[in-house]
Amino acid sequence: DETKGWINEKLKVATDDSYLDPTNLNGKVQKHQNFEQELNANKSRIDEVLESGIELKESGHVQSERIQLKLDEINDLWQDLIKSAEKKGMRLAEASQQQQYNRGNEDLELWLSEVEGQLLSEDYGKDLTSVQNLQKKHALLEADVGAHQDRIDGIRISSEQFVNAGHFDAENIKTKYDALDGRYGNLMKPMSNRKVRLMDSLAVQQLFRDVEDEEAWIREKEPIINSTNRGRDLIGVQNLIKKHQASMSEINNHEPRIDAVSRTAQNMVEDGHFASDDIKNRLSTLHDHWNQLKEKANQRKQDLDDSLQAHQYFADASEAESWMKEKEP
């Protein structure tokens with residue numbers, strides 16, 4: 001009865017499910033190793049009890065049948081204890097392996113959260129330089145996501161091994177992997193969308209820079225075109241006309257550049273660019289300034305032509321007056 005009581009006490013330890021709780025798992029593994037050593041150390045004691053019973057029975061003891069029942073009971077309990085201890089040892093080993101697996105999962109989950117957060121960003125740059133920097137950052141992100149495929153594959157292989165080996169928590173392990181793999185797969189579309197959006201952002205910032213370059217060119221020409229100097233004499237007017245003709249040539253030669261920028265902007269609007277409203281506004285402003293410049297240039301041409309006519313008249317009149325004075329008696 002004492003041996004039976006001791007075995008039953010140990011069976012409680014061997015059959016508990018403490019392996020289900022990952023807290024202090026290393027301590028539990030060490031404790032179980034000590035437990036198994038204790039069982040091994042007591043094996044000889046159990047063997048002695050069994051041998052003593054067999055001897056009593058073989059000696060023709062009056063309670064041989066009862067002794068046999070006790071022997072069978074103790075032997076069965078002992079075998080249950082050994083099997084239960086082995087099973088718990090296996091479960092603790094499985095739990096340790098799962099803990100390592102879970103740590104790998106948790107690292108990937110943290111990484112996934114960071115990447116998902118970056119892909120939610122609505123920062124597409126405010127100028128050409130910032131967009132280019134964001135594109136470089138996105139290229140690094142794409143490379144990092146691609147490089148993590150091996151880790152995802154490693155988690156998949158581990159989860160399949162756990163399932164195939166009949167791990168006690170196989171269903172939960174598979175569920176965790178499926179969720180992880182799903183999150184990883186779900187990165188691809190927003191990652192591709194952000195890449196395209198950054199390309200569109202680069203295109204519009206390049207357009208805005210081109211528009212600003214044209215605006216600057218127009219501003220540079222405005223003081224010349226807006227000049228009110230019409231010349232003080234015939235030679236002065238003629239010189240101003242030559243200069244204005246050169247300015248008119250510059251404006252005419254520059255018009256294809258304005259047209260090219262306009263076509264680029266119009267194509268982007270027609271393609272449904274996300275900044276279409278801003279593009280249309282800036283293009284409209286550019287066209288207004290360009291048309292104003294041409295109108296003012298034409299007006300100055302007319303003013304200089306009028307001034308030329310006037311000074312030519314004054315010159316002719318002065319010459320006639322001088323001739324008449326020469327002819328006076």
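Up top is the structure.
Since this is a predicted model, take the numbers as computed values, not measurements.

Here is what the cut-offs are and how they apply
Residues numbered from 1 in each chain as written. Predicted model: local features only at pLDDT ≥ 70, side-chain atom pairs only at ≥ 80, totals over all residues. Heavy atoms only, no water. Helix = DSSP H or I, 4+ residues; strand = E, 2+ residues; numbered from the N terminus. Rg over C-alpha atoms; globule rule 2.2 N^0.38 Å. Buried < 20%, exposed > 50% of the residue type's maximum accessible area, 1.4 Å probe, protein only. Contact = heavy atoms within 4.5 Å. Phe/Tyr/Trp six-rings, centres within 6.5 Å; stacked < 30°, edge-to-face > 60°. Lys NZ or Arg CZ within 6 Å of the ring centre and 35° of its normal. Axes fitted to C-alpha atoms, helices over the stretch in contact; angles between N-to-C directions. Parallel < 35°, antiparallel > 145°, perpendicular 65-115°, else oblique. Left-handed = near helix turned anticlockwise from the far one by under 90°. Nonpolar A, V, L, I, M, F, W, Y, C, P; charged D, E, K, R; others polar. Core = buried A, V, L, I, M, F, W, Y, C linked by side-chain atoms within 4.5 Å. Salt bridge = Lys/Arg side-chain N within 4 Å of Asp/Glu carboxyl O. Expected span 1.5 Å × (residues − 1). Arc of directions from axis to C-beta.

Chemist: Could you give an account of the overall build of the chain, with specific residues and numbers?
Modeler: Each helix and strand in the chain was counted, giving nine helices and zero strands. If you list the helices and strands of the chain from N to C, you get α-α-α-α-α-α-α-α-α. Here the C-alpha atoms of the chain give a radius of gyration of 48 Å, more than 25% beyond the 20 Å that 2.2 N^0.38 yields for 329 residues. For the chain, the proportion of its 329 residues judged to be buried stands at 33%. The long-range share in the chain, meaning contacts at least 24 apart out of those at least 6 apart in sequence, stands at 83%.

Chemist: Lay out the packing of aromatic side chains with the relevant residues and their values.
Modeler: For any pair of aromatic rings, the description rests on two quantities: the centre-to-centre distance and the angle between the ring planes. Per the counting criterion, the structure on display carries three aromatic pairs. The side chain of Arg45 reaches across the aromatic face of Trp6, ending 5.1 Å from its centre. Looking at Arg197, its charged tip hangs above the ring of Tyr124, at a distance of 4.6 Å from the centre.

Chemist: For the packing of helix α5 (residues 149-164) against helix α6 (residues 170-185), give the residues involved together with the corresponding values.
Modeler: Packing of α5 against α6 brings their axes to within 9 Å, and their N-to-C directions diverge by 160 degrees. When the axis of α5 is compared with that of α6, the two are roughly antiparallel. For α5 against α6, the interelement crossing comes out left-handed. Judged by residue contacts, Gln149, Ile152, Ile155, Arg156, Ser159, Phe162 and Val163 of α5 engage Ala170, Ile173, Lys174, Tyr177, Leu180, Asp181 and Tyr184 from α6. Grouping the constituent residues of the contact of α5 with α6 by class yields nine nonpolar, two polar and three charged.

Chemist: Let's hear about the packing of helix α1 (residues 2-14) against helix α3 (residues 64-119): which residues, and what values?
Modeler: Following both chains from N to C, one finds α1 and α3 inclined at 20 degrees, their axes separated by 9 Å at the closest point. For the element pair α1 / α3, the angle class is roughly parallel. Viewed along their axes, α1 and α3 form a crossing whose handedness is left-handed. In contact with Thr3, Lys4, Trp6, Ile7, Asn8, Lys10, Leu11, Val13 and Ala14 of α1, α3 contributes Glu73, Ile74, Leu77, Trp78, Asp80, Leu81, Ser84, Ala85 and Lys88.

Chemist: So what about the nonpolar core? Which residues, and what values?
Modeler: As a rule of thumb, nonpolar side chains are buried together in soluble globular proteins. Membership of the largest hydrophobic core comes to 21 residues, with the highest contact counts inside it found for Leu207, Ile251, Ile279, Trp290 and Leu293. Those elements that provide at least two residues to this core are α7 (188-225), α8 (234-270) and α9 (276-327). Excluding its chain neighbours within four sequence positions, the residues that come into contact with Trp290 are Trp217, Ile218, Ile251, His254, Glu255 and Ile258. Ranked by size, the runner-up nonpolar core spans 17 residues in total, among them Ile155, Ile173, Leu180 and Leu187.

Chemist: Could you give an account of the pattern of salt bridges, with specific residues and numbers?
Modeler: Evaluated as defined, the whole model comprises 18 salt bridges. Across the pair Glu94 and Arg91 runs a salt bridge, and its minimum N-O distance is 3.3 Å. A residue pair is termed a helical-turn pair when its members lie 3 or 4 positions apart in one helix, as Glu94 and Arg91 do in helix α3 at three residues. We classify Arg91 as buried; its relative accessible area is 17%. Measuring nitrogen to oxygen at the nearest pair gives 3.5 Å for the salt bridge that ties Arg156 to Glu160. Of this pair, Arg156 and Glu160 both sit in helix α5, separated by four residues, roughly a single helical turn. By relative accessible area, Arg156 is classed as partly exposed at 28%. When salt bridges that share partners are traced, they join Asp210, Glu214 and Arg257 into one network.

Chemist: Break down α6 for me, with residues and values.
Modeler: For α6, built from 16 residues, the straight-helix expectation of 22 Å at 1.5 Å per residue is met to within 8% by its first-to-last C-alpha distance of 22 Å. Inspection of α6 places Ala170, Ile173, Tyr177, Leu180 and Tyr184 among the buried residues, and these make up the whole buried set. Seen from one end, α6 has its buried residues packed into an arc of 95 degrees, which puts them on one side. Contacts made by the buried residues of α6 are with α3, α4 (128-147), α5 and α7.

Chemist: I'd love a proper account of the environment of Ile251, names of residues and values included.
Modeler: Inspection of the secondary structure puts Ile251 in helix α8. The exposure class assigned to Ile251 is buried, which follows from its relative accessible area of 3%. In sequence terms Ile251 and Ile218 are 33 residues apart; their C-alpha atoms lie 9.0 Å from each other. In this structure Ile251 touches Trp217, Ile225, Trp290, Leu293, Lys294 and Ala297, once residues within four positions along its chain are discounted.

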